Amino acid sequence: MSYLAPAEFVTKMVDAGESKVFMSTRDTLIRGYMAGAILALAAVFAITVAVKTGSFLLGAVLFPVGFCMLYLMGFDLLTGVFVLAPLAWLDRRPGVTPSAILRNWGLVFLGNFAGALTVAFMMAFVFTYGFNAESGAIGTKVASIGESRTLGYAEYGLAGWFTIFMRGMLCNWMVSMGVVGAMISTTVSGKVMAMWMPIMLFFFMGFEHSVVNMFLFPFGLIMGGDFSVMDYLIWNEIPTALGNLVGGLAFTGLTLYTTHVRTAPKRPVEPLLKKAA
């Protein structure tokens, strides 16, 4: 694959962050909506594969197909703009302000949530033949996931909340690596390969992704999961989103930006030559 050097693709990250901040409201919402919808469909696809084959690993191997599709189409996930938009502010790009970044995050969140919720209702309708039949094994599985990943954390109180926060951090460390992966190559095959690896890892490890959860938990509630909307928000979505923000920015965005754009001063040559002599 045609590989770009780190200094080149990190500059592309900053440029991308700047462009997203200045994107129109309409385009931001549309791109967010489609990203949420595609990722939701990929999630139910992976769960369907896992349930029907009995292999969660196979589901995890196939899940990245949705991520690859949405990024090749230029759509935006909240987890991606969490990492890219602040880099444009750190780089002092004109007009990029904290309020502009928060606006972008808010619009992408709304778009992602609307897209994921649309697919949740559509798939619930499909699985139940218009809510006239039982949801079957897949619906039961998703409902149980919703319970275990809300009430299961709540059982441990503050420790449970921080557990999901850290799973959110680990998730967006990997997901943001996938976002960067789309920039390190100029070929479709190279982009897909670079995106596939970290996304497969996060899904198989059960880390928490705020946009996947925008589908998973509403769908679980529709399928009869024994948890509430407040359980979902307090014991999943909020700590997950915060963890996604911290993990992606700290482990990927800031580390790459600091060492490839704002590099430290080079070591002096003369003392090194004297030491070698």
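In the annotation of an unreviewed UniProt entry, the entry for the protein chain reads Formate/nitrite transporter, and the organism field reads Elysia marginata. UniProt lists a comment for the protein chain under the heading Sequence similarities (unreviewed entry), and it reads "Belongs to the FNT transporter (TC 1.A.16) family." You can read under Subcellular location (unreviewed entry) in the UniProt record for the protein chain the words "Membrane".

1. A short note on the nonpolar core
If you look at the biggest cluster of nonpolar residues, it comprises 74 residues, and the most contacted ones within it are Phe9, Met13, Phe63, Phe67, Phe202, Phe215 and Phe219. If we skip the residues at most four places from it in the chain, Phe202 touches Phe63, Cys171, Met174, Val175, Phe207, His209 and Val212.

2. Some remarks on the packing of helix H5 (residues 78-90) against helix H12 (residues 229-260)
Contact geometry for H5 and H12: axes closest at 8 Å, N-to-C directions at 45 degrees. Looking at the two axes, H5 sits oblique to H12. By crossing handedness, the relation of H5 to H12 is classed as right-handed. Contact residues: H5 offers Thr79, Phe82, Val83, Pro86, Leu87 and Leu90, while H12 offers Ala241, Asn244, Leu245, Gly248, Leu249, Gly253, Leu254 and Tyr257. Its residues assigned to classes, the contact of H5 with H12 comprises 10 nonpolar, four polar and no charged.

3. Thoughts on the packing of aromatic side chains
In this structure the tally under the stated criterion is 17 aromatic pairs. Aromatic side chains Phe125 and Phe131 sit 5.8 Å apart centroid to centroid with 90 degrees between the ring planes, which places their arrangement in the edge-to-face category. What makes Phe125 partly exposed here is its relative accessible area of 46%. Considering the side-chain rings of Trp161 and Phe162, the 5.4 Å spacing of their centres and the 80 degrees angle between planes classify their relative orientation as edge-to-face.

4. Some thoughts on the layout of surface pockets
It is a probe the size of a water molecule, rolled over the atoms, that shows where empty space is left. Roughly 310 Å³ of volume is contained in the largest pocket. Listing elements by their share of the lining of the largest pocket, those giving two or more residues are helix H2 (25-53), helix H7 (136-148), helix H10 (188-204) and helix H11 (210-222). Residues belonging to the lining of the largest pocket are distributed by class as follows: 11 nonpolar, four polar and four charged. There is about 220 Å³ of room inside the second largest pocket. It is helix H1 (residues 6-21) that contributes the most residues to the lining of the second largest pocket, three residues altogether. A breakdown of the residues in the lining of the second largest pocket according to their chemical character gives seven nonpolar, one polar and five charged.

5. Some remarks on H1
Its 16 residues give H1 an end-to-end C-alpha distance of 23 Å, which sits within 8% of 22 Å, the value for a rise of 1.5 Å per residue. Among all positions of H1, only Phe9, Val10, Met13, Val14, Ala16, Gly17, Lys20 and Val21 are buried. Buried residues in H1, looked at end-on, bunch into an arc of 160 degrees, giving them a common side. Against H5, helix H6 (98-127), helix H9 (157-181) and H12 lie the buried residues of H1.

6. Looking at the environment of Ile222
By the element assignment, Ile222 lies in helix H11. Given the relative accessible area of 28%, Ile222 is considered partly exposed. With 75 residues separating them along the chain, Ile222 and Glu147 place their C-alpha atoms 13 Å apart. The residues contacting Ile222, other than those within four sequence positions of it, are Ala120, Phe121, Ala124 and Phe131.

About the criteria used
- Residues numbered from 1 in each chain as written.
- Predicted model: local features only at pLDDT ≥ 70, side-chain atom pairs only at ≥ 80, totals over all residues.
- Heavy atoms only, no water.
- UniProt positions renumbered as here; feature names shortened; annotations may be inferred.
- Core = buried A, V, L, I, M, F, W, Y, C linked by side-chain atoms within 4.5 Å.
- Buried < 20%, exposed > 50% of the residue type's maximum accessible area, 1.4 Å probe, protein only.
- Contact = heavy atoms within 4.5 Å.
- Axes fitted to C-alpha atoms, helices over the stretch in contact; angles between N-to-C directions.
- Helix = DSSP H or I, 4+ residues; strand = E, 2+ residues; numbered from the N terminus.
- Parallel < 35°, antiparallel > 145°, perpendicular 65-115°, else oblique.
- Left-handed = near helix turned anticlockwise from the far one by under 90°.
- Nonpolar A, V, L, I, M, F, W, Y, C, P; charged D, E, K, R; others polar.
- Phe/Tyr/Trp six-rings, centres within 6.5 Å; stacked < 30°, edge-to-face > 60°.
- 1 Å grid on protein atoms, 1.4 Å probe; cavity = no way out; pocket = protein on both sides within 12 Å on 5 of 7 lines; lining within 4 Å.
- Points joined across faces, edges and corners; volume = space filled by probe spheres on them.
- Expected span 1.5 Å × (residues − 1).
- Arc of directions from axis to C-beta.

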